[in-house]
Amino acid sequence: MSAPVETERLTKRYGRIAAVDGLDLTVLPGEVYGFLGPNGAGKTTTLRMLLGLTRPSAGSLRLFGRPPGAGSLARVGALIEGPAFYPYLSGRQNLLVMAGHAGVLRSRVDAVLETVDLTARAKDRYRTYSLGMKQRLGLAAALVKDPRLLILDEPANGLDPAGMADLRVLIRELADRGVTVLLSSHVLSEVEQICDRVGMIAGGRLVVETTVAELRTGRALRIVATPIEQAAARLGARFGADAVRIDGAALEVDVADEPASRVNAELVAAGIAVSELSRPERGLEETFLELTGGDRSAG
Ligand SMILES: Nc1ncnc2c1ncn2[C@@H]1O[C@H](COP(=O)(O)OP(=O)(O)OP(=O)(O)O)[C@@H](O)[C@H]1O
């Protein structure tokens, strides 16, 4: 199957500003892809280009192997920039209006209301909904045409912790049913829990595209050994002085590929007592700051 999303050197300029700058992005079938970046990084502009809401200045994009056009968007659902609903109609009536436009069955409306857990409030007017319910109705609207690809711009915005947990479960369920999900966020901890892979952008450019597991693998080994100076000298000679730091009672050694067991054996063979040896995980936040050189304009 072709990749649900594939962009090549995708670029959008506004005057002298390159909001998106030569972006190569690939979203694979069936995955939940987190599109991460600080405010103003170019996430919304990218998603708008994918949805045909704004034209690229340069580069190309394909959805399921097809160039932009009505055909490629037929099975794409999106929640972007707060969808417009009629405040005086109920959630269900709003979806029926949309379903009419999209040419889908009425029964589908009830099914998606159930999916987003809005059945009990479906007959209430939209203007009486809480933010979380509005967000869920937005998601229902994106699901009405039974999409194969779901594009969500900051779906967790404004949700409380319970709402976020519901959203995570819902997204996971959709992914399990084979829907590919591309969602943007500037809150890294949200994404860490739902996504299979992430692409991080800053200043319109892709900084890294990788799996969440890969991102979380810390590079540095943490070693508690005695005598610590002797251990530092030994490891410095082996891996380079720059790779070794003394952090209180522990050493941090930047070695990605060296098995911890081998480092342990070497130290022990040199008569150094090793009481602790671990490779701590890094949070996404830390990873992001490191990869973007600390350029994170807002939270
Ligand atoms: N219509 C426009 N005209 C001029 N500049 C724009 C326009 N839309 C976006 N930009 C600029 O492009 C850059 C990227 O904006 P974009 O909204 O894509 O970022 P974002 O990553 O979605 O950020 P946020 O999380 O704040 O929505 C910003 O500098 C923004 O000011």
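Residue positions are counted from 1 within each chain, in the order its sequence is given. Given that the model is predicted, a residue must reach a pLDDT of at least 70 before its local features are reported, and side-chain atom pairs must reach 80 or more before they are shown or counted; all residues, however, enter totals for whole chains, interfaces and linings.

## With respect to the site of the ligand
Reasoning step 1: Whether a residue is near a molecule or strand depends on its C-beta atom, generated from backbone atoms, being within 6 Å of that molecule or strand. The local shell around the ligand consists of Tyr14, Ile17, Ala19, Gly37, Asn39, Gly40, Ala41, Gly42, Lys43, Thr44, Thr45 and His186.
Reasoning step 2: Each helix is a run of DSSP H or I of at least 4 residues and each strand a run of E of at least 2, with the numbering of both proceeding from the N terminus. For the shell around the ligand, the element with the most residues is helix α1 (residues 43-50), which contributes three residues.
Reasoning step 3: In this count, Pro and Cys sit with the nonpolar residues alongside Ala, Val, Leu, Ile, Met, Phe, Trp and Tyr, while Asp, Glu, Lys and Arg are called charged and the others, Gly among them, polar. Within the shell around the ligand, the residues separate by chemical class into four nonpolar, seven polar and one charged.

## Brief notes about the domain arrangement of the protein
Reasoning step 1: Domains assigned within the protein are domain 1 (5-215) and domain 2 (219-280).
Reasoning step 2: Distance between the C-alpha centres of domain 1 and domain 2: 45 Å. Note: domain ranges come from an automatic or database domain assignment.

## So, the packing of helix α2 (residues 91-102) against helix α4 (residues 131-143)
Reasoning step 1: Here α2 crosses α4 at 25 degrees, and the two axes come no closer than 10 Å. In terms of orientation, α2 lies roughly parallel with respect to α4. Regarding α2 and α4, the two cross each other, and that crossing is right-handed. Here α2 contributes Gly91, Asn94, Leu95 and Met98 to the contact with α4, which in turn contributes Leu137, Ala140 and Ala141.
Reasoning step 2: Considered class by class, the residues forming the contact of α2 with α4 number five nonpolar, two polar and no charged. Here an angle of 0 to 180 degrees is reported between the N-to-C directions of two axes, which are lines fitted to C-alpha atoms, with helices fitted over the stretch in contact. Any angle that falls under 35 degrees is termed roughly parallel, while one over 145 is termed roughly antiparallel, one within 65 to 115 roughly perpendicular, and all others oblique. Less than a right angle of anticlockwise turn of the near helix away from the far helix marks a crossing as left-handed, whereas a clockwise turn marks it as right-handed. By definition, residue pairs are in contact when their C-beta atoms, positioned from the backbone, come within 7 Å.

## Quick word on the sheet that holds strand β9 (residues 205-211)
Sheet strands line up and pair through hydrogen bonds in the backbone, either parallel or antiparallel.
Reasoning step 1: Here, a strand pair is defined by DSSP locating no fewer than two bridges between the strands. On the basis of which strands lie adjacent, the open sheet formed by six strands has the order β5-β6-β7-β3-β8-β9 and mixed pairing. Two strands bound the open sheet, and with one partner strand each, they are β5 (76-79) and β9. On average, each strand axis in the sheet is inclined to that of its neighbour by 15 degrees, with strand direction left out of account.
Reasoning step 2: In the sheet, strand β3 (residues 32-36) pairs with strand β8 (residues 197-202) via four bridges, with the strands oriented parallel. Across the sheet, the residue bridging to phenylalanine 35 is glycine 199, located in β8.

## Quick notes on the sheet that holds strand β13 (residues 273-278)
Reasoning step 1: Read from one edge to the other, the open sheet built from four strands follows the order β11-β12-β10-β13, with strand pairing classed as antiparallel. Strands at the two margins of the open sheet, each flanked by one partner only, are β11 (244-247) and β13. Within the sheet, the average angular offset between the axes of one strand and its neighbour, ignoring direction, is 25 degrees.
Reasoning step 2: Two strands pair when backbone bridges link them, and strand β10 (residues 220-226) and strand β12 (residues 250-254) are joined in this way by four bridges, in the antiparallel orientation. Along β12, the bridge assignment pairs alanine 220 with aspartate 254.

## Topic: helix α8 (residues 228-239)
Reasoning step 1: Multiply 1.5 Å by the residue count of a helix minus one, and that product is the helix's expected span. Here α8 is 12 residues long and its end C-alpha atoms lie 16 Å apart, about the 16 Å a rise of 1.5 Å per residue gives.
Reasoning step 2: Following α8 by one or two positions, glycine 240 has its phi on the positive side, about 100 degrees.

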